[in-house]
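One letter stands for each residue in the lines below.
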Amino acid sequence: MTVHIENEFLTATFAEKGAELISLKAKENGLEYIWQADPNYWARHAPVLFPIVGRLKEDTYHYQNQAYHLSQHGFARDLDFEVIEKGAETVAFALSATAETKKNYPFDFHLVITYSLTGQELTVHYQVENSGQETMYFSIGGHPAFNVPLDSSLSFEDYYLSFTPKKSRTQIPLQGPYADFENKTLAQTNTDVNLTHAIFQNDALIFETKGTNSFCIMSDESPHSITLTITDMPFVGIWSPAAKKAPFVCIEPWCGIADAVQTNGVLSDKIGINQLSPAGRFQTSYTISVK
């Protein structure tokens, strides 16, 4: 089942499975900004990453001396959410722990994802509640994929990434699917970065972020662009399948990150993990702005 919201400028469509954004279109010209999940490249649009972000070593973590298994990015993206609120310009989805989820993630949680349109922006709001009796450990993030090029007369290489503020950011390389924190570098995100498939040859570009940051996909030859803005989400991944020369780019805001190369596998020790006391509530959001 799908759910639809709209305002004067945009229409947005979501799947109840995964509470996933599957379309964001401009009303004026019908321009589609969201990748349409061609399985020849990548069969998703904008999955929600919960209760982990990235991959665990051997897809396994340890909690209270017991091993649990979670595949990359967790299970929320593959489960059916409940629509708990629906308006013309806003929709909210909810997912709670079940006996099945607790086999691989032994925490009682309640996750609410709210999407709201305002002008030419879509805000994505995450709320995680600990409904259990013990401290809860989790990660959460977005994985929206955007069509590149946006203009059919242009190519992938006609676009570039623009960063705001214009400053250098710490970049975390990957060793396989794992974060190599010991070899962090300072990336030149104080200048624009031309989009080529080659820049993703080692998988995602991962940056540490603090405060408010914006990441824009744009071209000097087109009036159309996409900007994703975060506040206090500590990591952003930028990814496109290089070998396939895929016609999309993901800008992924994360509260969490893949296991470190040198991880000990204990969930509470995981770099970037969030924790909530019983009855605690965690909230964060990001905004997609389009032209």
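An account of the accompanying structure is given in this report.

Analysis parameters
Residues numbered from 1 in each chain as written. Predicted model: local features only at pLDDT ≥ 70, side-chain atom pairs only at ≥ 80, totals over all residues. Heavy atoms only, no water. Helix = DSSP H or I, 4+ residues; strand = E, 2+ residues; numbered from the N terminus. Buried < 20%, exposed > 50% of the residue type's maximum accessible area, 1.4 Å probe, protein only. Contact = heavy atoms within 4.5 Å. Core = buried A, V, L, I, M, F, W, Y, C linked by side-chain atoms within 4.5 Å. Pairing = 2+ DSSP bridges. Axes fitted to C-alpha atoms, helices over the stretch in contact; angles between N-to-C directions. Disulfide = S-S within 2.5 Å.

Observations regarding the environment of alanine 19
Among the secondary structure elements, alanine 19 is positioned in the loop between strand 2 (10–15) and strand 3 (20–26). With relative accessibility at 0%, the residue alanine 19 sits in the buried group. If near-sequence neighbours (up to four positions away) are discounted, alanine 19 is found in contact with Val48, Phe81, Phe93, Ile113 and Tyr115.

Let's talk about the nonpolar core
Residues Tyr115 and Ile238 are the most contacted members of the largest nonpolar core, which totals 74 residues. If one sorts the elements of this core by residue count, strand 9 (residues 109–118) sits on top with five residues. By size, the runner-up hydrophobic cluster in this structure holds 18 residues, among which are Trp35, Ala246, Phe248 and Trp254.

A word on the sheet that holds strand 1 (residues 2–6)
The strand order across the open sheet formed by three strands is 1-2-3, and the pairing between neighbours is antiparallel. Among the strands making up the open sheet, the edge pair consists of strand 1 and strand 3. Ignoring which end each strand starts from, the neighbouring axes of this sheet average 20° apart. Where strand 2 lies against strand 3, six bridges are found, and the strand directions are antiparallel.

Overview of the sheet that holds strand 22 (residues 226–231)
Pairing is antiparallel across the open sheet formed by nine strands, whose spatial order is 7-8-9-10-26-22-21-14-19. Because the sheet does not close on itself, it has two edges, and the strands there are strand 7 (82–86) and strand 19 (193–194). In the sheet, strand 21 (residues 212–218) pairs with strand 22 via six bridges, with the strands oriented antiparallel. Paired with isoleucine 217 across the strands is isoleucine 226, a residue of strand 22.

What about the state of the cysteines?
Overall, the coordinates contain zero disulfides when judged by the stated rule. Residue cysteine 216 stays outside any disulfide, its sulfur separated by 16 Å from that of cysteine 250, the closest cysteine. Using a relative accessible area of 10% as the deciding quantity, one classes cysteine 216 as buried. Here cysteine 255 stays unpaired: no disulfide links it, and the sulfur of cysteine 250, its closest cysteine neighbor, is 17 Å away.

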